[in-house]
Amino acid sequence: IETISIFKLVLEKFKPSFENIIIITDENSNLDKFAKKNSIKTFYIPQNVGGRFSVFSAVGIVPLFLAGIDVEKILEGAREFFDSFFSKNEWHLIRKAAFIYERSKCYKMNVLFSYSSLLDEFNKWYVQLWGESLGKVDKKGKRVGLTPIGLLGSIDQHSFLQLLIEGPKDKTVTFIKVKNFESSLKIPNLTLPYLERTDFVNNRLFNELINAQCDATKESVIRSGIDVDEIVLETLQEKNIAALMAYYELLTSAVGALFEINTYNQPGVEIGKKILFEKMN
């Protein structure tokens, strides 16, 4: 409803030619019928792929291509990880899924602590993927699921870390660390009056500081008795970001299989849409 409402606003305000519009939708949907009626270029979403799992379909690839991103590398990175998983070379993922399932009675939240602001949108996608896929009623009528929390380091160290360290032990934490930001930006070798205690990082790369903060935060969380794992990316490039997303799609699917739920539907969301339609009507 939000997308079509904005589309109407764009049509009214800018009056674009239909030649300059691209539509991404399900084949034979009402939007597809609108596109055909107006001869609008259309890309289709595979029928068996839900929205949050559609990042490697036209939903994600077409806009990324238009934004100048190397989408071939994205697809290559995802394909390599999927192939490796189905060739049984990624047992760490299955072990993690089994751990999450086995400890789900005492660990109700899964915290993703990403140490790069460039991963902010990834965190938001993870929250949707994890929450919408795993928050379900299982075959026995039992409510299952794990609350996803996406944090950014070092920003959220100063707000959420206290709860992690001294709050309830009902969370697991995954740290994502980037080895090399490919930036030569350094902290100036300056001594400021009354602020001499900060000089221990002078002349260091900001990359070094961020990673040292990640390591220190991780160690403090481990010392407090919380279960932790870590994902290390060499750099932030299309291929390894795609592999990271493929990893989380597969991890979510594996955990859903263990919970014996339908990982790919979202009946709880549909209820709200129906209520909105009734109220606005």
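So, here's what we can say about the structure. (Residues numbered from 1 in each chain as written. Predicted model: local features only at pLDDT ≥ 70, side-chain atom pairs only at ≥ 80, totals over all residues. Heavy atoms only, no water.)

1. Focus: the sheet that holds strand 7 (residues 171-178)
Then, number 1: One open sheet accounts for 4 strands, arranged 6-3-7-8; its pairing is parallel. Edge positions in the sheet fall to strand 6 (147-152) and strand 8 (228-233), since each has one partner strand and no second. Adjacent strand axes in the sheet meet at a mean angle of 20 degrees when their direction is disregarded.
Then, number 2: Sheet analysis places strand 3 (residues 109-114) next to strand 6, joined by 6 bridges and oriented parallel. Across the sheet, Phe113 pairs through a bridge with Leu151, a residue of strand 6.
Then, number 3: Helix 9 (residues 238-259) contacts strand 3, strand 7 and strand 8 of the sheet and is inclined by roughly 150 degrees relative to strand 8. (Pairing = 2+ DSSP bridges. Helix = DSSP H or I, 4+ residues; strand = E, 2+ residues; numbered from the N terminus. Axes fitted to C-alpha atoms, helices over the stretch in contact; angles between N-to-C directions. Contact = heavy atoms within 4.5 Å.)

2. Things to note about a positive patch on the surface
Then, number 1: Together, Lys105, Lys108, Lys140 and Lys142 make up a positively charged patch on the protein surface.
Then, number 2: Of note, Lys105 is situated in the loop between helix 5 (91-102) and strand 3.
Then, number 3: Since its relative accessible area comes to 71%, Lys105 is described here as exposed. (Patch = residues over 30% accessible without salt bridge, like charges linked within 9 Å, V, L, I, M, F, W, Y side chains within 5 Å. Areas by Shrake-Rupley, 256 points an atom, 1.4 Å probe, with all protein chains shown as cover. Salt bridge = Lys/Arg side-chain N within 4 Å of Asp/Glu carboxyl O. Lys, Arg positive; Asp, Glu negative; His and termini not counted. Charge placed at Lys NZ, Arg CZ, Asp CG, Glu CD. Buried < 20%, exposed > 50% of the residue type's maximum accessible area, 1.4 Å probe, protein only.)

3. Things to note about the nonpolar core
Then, number 1: Grouped together as the largest cluster of nonpolar side chains are 38 residues, with contacts concentrated most on Phe122 and Tyr248.
Then, number 2: Looking at this core, the elements with two or more residues in it are helix 4 (71-86), helix 5, helix 6 (120-134), strand 8 and helix 9.
Then, number 3: By residue number, the principal contributor to this core is helix 9, which donates 12 residues.
Then, number 4: The residues touching Phe122, leaving out its near neighbours within four places in the chain, are Leu112, Ile176, Leu244, Met245 and Tyr248.
Then, number 5: Residues Val111, Phe160, Leu161 and Val221 belong to the second largest nonpolar core, which totals 13 residues. (Core = buried A, V, L, I, M, F, W, Y, C linked by side-chain atoms within 4.5 Å.)

4. Brief notes about the pairing of strand 1 (residues 22-25)
Then, number 1: Where burial is concerned, the two faces of strand 1 differ: the one with Ile23 and Thr25 is buried and the one with Ile22 and Ile24 is not.
Then, number 2: Alignment of strand 1 against strand 2 (residues 41-44), held across 4 bridges, turns out to be parallel. Residue pairing across strands places Thr25 opposite Tyr44, the latter belonging to strand 2.
Then, number 3: What joins strand 1 to strand 2 is helix 2 (residues 30-37), and the crossover it makes is right-handed. (Right-handed = clockwise from strand over helix to strand, strands pointing away.)

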